[in-house]
Amino acid sequence: MGFIFSRRGVLTVVSGTVLISVGCTRDDVTQPATPGRRLFPTTPVYDLDNSPDQVSAPVGATDPWTGGSSVGTGVTFGTYPYATVVVATASGMLTRTPNYSATGDVADSWGPTGNAYLGYRDKYNSTGGTNFPHGSGSTAVDTLLVQGVLEAAGRNGYGARQYDGYNGVWCGAQRPEHNRCDDWSGGSTITVQRLNAEMTAWPDSEVVVVGSVVHLLQGATPSSWGSFGVPFVGAGVDWIPSDTSNGGDPNDQPVTYWACQQYISPCGRVITGSGTFRPAAYINGKWKQTTVSVRAIPAVNSGDNATHPRPKCENYASLDSVAKSWCDGSPPDSTQRARIDAALANMRSIGGICVTLANIGDAVLNRGDLHLYSTSSWPGFGGGAPQGGGASGGYSWVTLANGWTNNYYDASHKDGSGRDLQQLLAHEFDHLNNGRHLTNDNSKTTHSDQCGGG
Ligand SMILES: [Zn+2]
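Residues numbered from 1 in each chain as written. Predicted model: local features only at pLDDT ≥ 70, side-chain atom pairs only at ≥ 80, totals over all residues.

A. Local environment of the overall build of the protein chain. Within the protein chain, the regular secondary structure consists of 7 helices and 31 strands. Contacts in the protein chain between residues far apart in sequence, at least 24 positions, make up 69% of those at least 6 positions apart. (Helix = DSSP H or I, 4+ residues; strand = E, 2+ residues; numbered from the N terminus. Contact = placed C-beta atoms within 7 Å.)

B. Quick peek at the sheet that holds strand β14 (residues 182-186). Judged by pairing direction, the sheet is antiparallel, and its 3 strands sit side by side in the order β7-β6-β14 without closing on themselves. Here the strands that pair on one side only, and so sit at the sheet edges, are β7 (108-110) and β14. Ignoring which end each strand starts from, the neighbouring axes of this sheet average 30° apart. Bridge count between strand β6 (residues 94-98) and β14: 5 bridges; the pairing is antiparallel. Residue pairing across strands places T95 opposite S185, the latter belonging to β14. (Pairing = 2+ DSSP bridges. Axes fitted to C-alpha atoms, helices over the stretch in contact; angles between N-to-C directions.)

C. Spotlight on the nonpolar core. In this structure, L118, A153, I190, A281 and I283 are the most contacted members of the largest nonpolar core, which totals 51 residues. Counting only domains with at least three residues in this core, you end up with domain 1 (2-194) and domain 2 (198-297). Not counting residues up to four positions away in its chain, the partners in contact with L118 are A57, A88, G129, T130, L150, A152, A153, I190 and V192. A343, I360, L370 and A385 belong to the second largest nonpolar core, which has 31 residues in total. (Core = buried A, V, L, I, M, F, W, Y, C linked by C-beta atoms within 7 Å. Buried ≥ 20, exposed ≤ 12 C-beta atoms within 10 Å, placed from the backbone. Domains from an automatic or database assignment.)

D. Highlighting the confidence of the model for the protein chain. When pLDDT is averaged across the protein chain, the result is 82; 81% of the residues are at 70 or more. Note that pLDDT drops below 50 for residues 1-47; the model gives that stretch 106 contacts with residues more than four away or on any other chain. Throughout residues 299-303 the model reports pLDDT below 50, and contacts reaching past four residues in sequence, or to other chains, amount to 11 contacts. (pLDDT = per-residue confidence, 0-100.)

E. Fine view of helix α2 (residues 321-328). The set of residues buried in α2 consists of V322, A323, S325 and W326. On an axial view of α2, the arc spanned by its buried residues comes to 160°, and they lie on one face. (Arc of directions from axis to C-beta.)

What follows is the structure, given as structure tokens:
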């Protein structure tokens, strides 16, 4: 039951539900969700997962006594699993025809503004809706946020009134008055339309150094309609590594839904090679998906640093010198490998960071990703490796002049500048471990002296 004022200002009680409050939203459905919340499958299985684009309320026939109408009891005509901003429109003029013209009363028309209603019930059993306060003539509109099921719509019944001069006779719609002075006719239509927004996503950096974290930011376009923020409910983020020919890390695996490794907003992921984020979300109740590509690069440095993934030797002519030297070279033979292993054993015996560098060296060697080239072919440098290339992935490779394994391979066989194989291995593996050159000496890295045997 609800209360309205009749046209003549008499407070009456009429039948029909009157819902006047617009439900407020909860923060957790309007803020980007953390990826740990999986509410529905990545790809919607049922359309029920989505809010409908448009529904029409099955408003029943206008009551000829009251002008009221409503959908049937227990009828659900729209389901909104996620908070959804909609524009609801009520239309249709009702005509009141007086049955006793002697009173001077004449036929008139009534629009839906303020007299139509739309209501929903959310999952907490709270109700919300509108009485269509905005509009004129035959059309009234309102924008509102719904979540749950639409289950109420119609027109309010119109009130009773009292005629002066006829012994105060009550006349109007109220059946208890037993004076049917009016006939109401016409009908009402109420439709509900979901506003559309698209998903947007972008990285905090499109080009990132291998080993660093990229944050994926997500939102909607537009981001709001008037005072309504566009509801955003995260539905997972996929990760698709690029082909190794496009900078992908060969050891990087595709990830479905759980690509975000940092479970705080925004999504964060450690990048080991180029690839594409594919986030999904319910944007104003509708499942949307987009893609965001990230290009991984090793840190730019001077001297012997390589700045690209494992060289594509089929493209030899377009490669730089460091890459060409790797293509020209080959993994160590048994003698060379024995000298390298001896140098690594020395590094390991030093302990600490030197063990880390030796382990990186083992990984690179065991994959055949350390190539020895002829020193005389490429006299400009003694080796090279991508900074931050790590122990695995597309940037984990080393090129080294074979002079270090063939001539200057231990403390008893140093070159003219006092360096040997262990020093060079420490230098290049330190690069893979993200070590940089000393600012005043490109021949050394942070740990090349410490792990290089002096
Ligand atoms: Zn270097």
